[in-house]
Amino acid sequence: MKKRKTTIEILKYVSLPVFIIILWEFAAVKGWITPYTLPAPSKIFRTLITSIENLSLFKNILASVIRVFTGFLLAAFAAIFIGIFISLSKNFEIVTRFVLQVLKPIPPIAWIPIAIVWFGIGEPSKIFIIFMGAFFPIFVNVVDGIKQIDKRFVEVSKVFEIPNLKFIRKVVIPGALPSIMSGLRVGLGTAWICVVAAEMIAATNGIGYMLMDGRQLSQPDVVILAMLVVGVIGKLMDDVLGIIERKIVYW
Amino acid sequence: MSGKLEINNLNKYFGDKSRKLGVLNDINLEIHEGEFVTILGKSGCGKSTLLRIIAGLETNYEGTVLLDGELIKKPSLDKGIVFQDHRLFPWLTVEENIGYGVPDKQKNKNDLVQDFIELVGLKNFEKSLPSQLSGGMAQRTAIARALVNKPKVLLLDEPFGALDAMTRINMQEEILKIWKREKTTIVLVTHDIEEAVYLGDRAVVLSSRPGKIKEICNVDISRPRDRVSDQFVLKKRKIYYDFFDEVEVPFTYAI
């Protein structure tokens, strides 16, 4: 009985994507859409095979993914560290409040001109953009996660005269972990969006570069392929984080 | 001398004195070493506030509260407390929760924790998470956690309030068993008249708003007590009528 249920669920899951592809191919074959406005799935598929065969796809994906993880990990460490500090020290929070609140609404993409001036058009400027994109979602969730830790747990810790470091390790961090994990998922998402945008400005490899290159060479199939790859990889990254989240927040 | 509590001229208000929303009024009470005292009152009568003051969790009041002659100013390991909600950390197992309050440098920490796990009857559940425990089991874990550091006084704030009637009776037996073994001074707050009389050497009855000591009932019935014996019922009845005399008398039917 259970197996049948899962098969039906799988069928439901793939039904819409498959339907869209069939409709799309049909429209292309019928001439309702032109190869320039929207290439057929079959064409895109062929482009995909080519880019796999000449390894360009893997190289581009790898370049983008490395950039994302570098920027993301830096942002995660900074956001968690600063977030904990701010939550535990009232003075530090008040002193930094204005600067952080003003920086927060600035879209990561707006940092691109400054990044290029400061860091040139190489890797560091792209990592910087990704960092700026991932930092605030993670940071906001760290602070919020700590703030919503039940005061009742704090009382218990006072009764047991728990030293500060032990309190942070055993109560604050696990208590805030669900919030932190969801902040990390959002942060990774924005990091991925930022890498593509940063590459579209100035890069020689990566998915964003592949997209811009396709546009410059009037290859809409490459452009759409790049978009799909961005979407699929973004989804896979989120899936992986979801699995990690379930392991870490085991309660 | 270990575990003697003295409460002198305790008064507590919410808001400023001019508005005088009295919470506790003129509480004077002495609790002896090793005594089991129950504090009985309706919801909102200030009994939980009184317990929190003894625990050192509330410090805004007039009067003095002394543990073994020293002023109580803040929470400490000396004053173990069990709340109505178990407050176990969801990410720690039973043994980790119990061991939470034990200083890491304590020798034989594992044996100590294991001893208390067995004392509260949770052997085989050492590695369970709180989400896997029933209400009674979680409270027993909380009690073990409060006791493991051998506090001078154990404070319980309606610890069995969230449990069903049968579990509650079981837990009452458990706490008596623990008391017999550990001989700690115990102060237990409850709204259940039977619980107050069954457990306490003395039952302190608080009136409501503001909380004042209405009477201190000396429950001089030998243990183990019989809940349906004449002596027991007599004590209960006396308190019952004390209680309900300050409320509108429930209508009686004249037949």
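Refer to the structure printed above.
These figures come from a predicted structure and were not determined experimentally.

A word on the overall build of chain B. When its secondary structure is counted, chain B shows seven helices and 10 strands. In summary, chain B has a C-alpha radius of gyration of 19 Å against a globular reference of 18 Å for 255 residues, a match within 12%. Dimensions of chain B, computed from C-alpha atoms along their principal axes, come out at roughly 60 × 50 × 35 Å.

Summing up its helical and strand segments, chain A has 10 helices and zero strands in all. Each helix (α) and strand (β) of chain A, taken in turn from the N terminus, gives the series α-α-α-α-α-α-α-α-α-α. Relative to its length of 251 residues, chain A is extended, with a C-alpha radius of gyration of 23 Å against a globular reference of 18 Å. Summarising its shape, the C-alpha atoms of chain A cover approximately 75 × 60 × 30 Å along the three principal directions. Every one of the 251 residues in chain A was classed for burial, and the buried ones make up 33%. Sequence separation of 24 or more characterises 72% of the internal contacts of chain A that already satisfy a separation of 6 or more.

Contacts between chain B and chain A engage 14 residues on the former and 12 residues on the latter. Tallied by class, the residues present in the side of chain B that touches chain A amount to 10 nonpolar, three polar and one charged.

Here we take up the pairing of strand S8 (residues 185-190) of chain B. All names here are of chain B. Among the six residues of S8, six are classified as buried, and the element is accordingly described as predominantly covered. Alternating positions in S8 separate into two faces, Thr185, Val187 and Val189 on one and Ile186, Leu188 and Thr190 on the other, with burial throughout. Sheet analysis places strand S3 (residues 36-40) next to S8, joined by five bridges and oriented parallel. If you follow isoleucine 39 over to S8, its bridge partner there is valine 189. Bridging between strand S7 (residues 153-157) and S8 involves five bridges; their strand directions are parallel.

So, on to the environment of valine 186 of chain A. Residues and elements named next belong to chain A. Relative to the helices and strands, valine 186 is located in helix H8 (residues 164-201). Overall, the presence of 17 C-beta atoms within 10 Å leaves valine 186 in the partly exposed class. Expressed as a C-alpha distance, the spacing of valine 186 and phenylalanine 167, which sit 19 residues apart in the sequence, is 27 Å.

Counting 117 residues, the largest nonpolar core has Ile130 of chain A together with Ile54 and Val187 of chain B as the members making the most contacts within it. With 14 residues, the top contributor of residues to this core is helix H6 (residues 123-147) of chain A. Setting aside residues no more than four positions away along its own chain, valine 187 of chain B makes contact with Ile31, Val37, Ile39, Leu51, Ile54, Val153 and Leu155 of chain B.

Attention shifts here to unusual backbone geometry. All names here are of chain B. Residues arginine 223 and proline 224 are joined by a peptide bond in cis, for which omega reads 0°. Tracing the chain through its elements places proline 224 in the loop between strand S10 (213-218) and helix H7 (230-244). A positive phi angle, near 55°, is found at arginine 87, a position not held by glycine. Tracing the backbone shows arginine 87 in the loop between strand S6 (79-82) and helix H2 (94-99). A tally of 19 C-beta atoms within 10 Å means that arginine 87 is categorised as partly exposed.

What follows covers the packing of helix H3 (residues 56-88) of chain A against helix H9 (residues 207-216) of chain A. Residues and elements named next belong to chain A. Look at H3 against H9: their axes get within 7 Å of each other, and the N-to-C directions meet at 130°. The angle between the axes of H3 and H9 places the two elements in the oblique class. Between H3 and H9, the contacting residues are Asn60, Ile61 and Ser64 on the first element and Ile207, Gly208, Tyr209 and Met210 on the second. Of the residues assigned to the contact of H3 with H9, the class counts are four nonpolar, three polar and no charged.

Now for the sheet that holds strand S2 (residues 21-31) of chain B. The strands that make up a sheet are held in pairs by hydrogen bonds between backbone atoms, and each pair lies either parallel or antiparallel. All names here are of chain B. Spatially, S2-S1-S4-S5 is the arrangement adopted by the four strands of the open sheet, whose pairing is antiparallel. The sheet is open, and its two borders are formed by S2 and strand S5 (70-71), each paired with just one other strand. Packing of helix H1 (residues 47-55) onto the sheet brings it into contact with strand S1 (5-14), S2 and strand S4 (62-67), and relative to S2 it is tilted by some 60°.

Before going further, it helps to examine the environment of glycine 31 of chain A. All names here are of chain A. The residue glycine 31 is located in the loop between helix H1 (2-30) and helix H2 (41-53) in this model. Owing to 7 C-beta atoms within 10 Å, glycine 31 belongs among the exposed residues under this scheme. When the C-alpha positions of glycine 31 and lysine 104 are compared, they lie 47 Å apart, and in sequence the two are 73 residues distant.

All names here are of chain A. Following both chains from N to C, one finds helix H5 (residues 112-119) and H6 inclined at 145°, their axes separated by 9 Å at the closest point. In this structure, H5 meets H6 at a crossing whose hand is right-handed. Along the contact surface, H5 presents Ile112, Ala115, Ile116 and Phe119, while H6 presents Pro124, Ser125, Phe128 and Ile129. Taken together, the residues of the contact of H5 with H6 sort by class into seven nonpolar, one polar and no charged.

A few words on the pairing of S4 of chain B. All names here are of chain B. Relative to S4, S1 runs antiparallel, the two being bridged by five bridges. The residue of S4 that forms the bridge with asparagine 11 is glutamate 62. With two bridges connecting them, S4 and S5 associate as antiparallel partners. Residue leucine 66 lies in a different strand from S5, and its bridge partner there is leucine 71. Linkage of S4 to S5, two consecutive antiparallel strands, is achieved through a turn of two residues, within which aspartate 68 is found at a positive phi near 50°.

All names here are of chain B. On the basis of which strands lie adjacent, the open sheet formed by six strands has the order S6-S7-S8-S3-S9-S10 and mixed pairing. The two strands at the open ends of the sheet, each matched to only one other strand, are S6 and S10. Across the sheet, the mean angle separating the axes of adjacent strands is 15° when strand polarity is ignored. The strands touched by helix H4 (residues 135-147) within the sheet are S6 and S7, with S6 carrying the most contacts at an inclination of about 175°.

Conventions we followed
Residues numbered from 1 in each chain as written. Chains lettered and ligands numbered in written order. Predicted model: local features only at pLDDT ≥ 70, side-chain atom pairs only at ≥ 80, totals over all residues. Helix = DSSP H or I, 4+ residues; strand = E, 2+ residues; numbered from the N terminus. Rg over C-alpha atoms; globule rule 2.2 N^0.38 Å. Buried ≥ 20, exposed ≤ 12 C-beta atoms within 10 Å, placed from the backbone. Contact = placed C-beta atoms within 7 Å. Nonpolar A, V, L, I, M, F, W, Y, C, P; charged D, E, K, R; others polar. Pairing = 2+ DSSP bridges. Core = buried A, V, L, I, M, F, W, Y, C linked by C-beta atoms within 7 Å. Axes fitted to C-alpha atoms, helices over the stretch in contact; angles between N-to-C directions. Parallel < 35°, antiparallel > 145°, perpendicular 65-115°, else oblique. Left-handed = near helix turned anticlockwise from the far one by under 90°.

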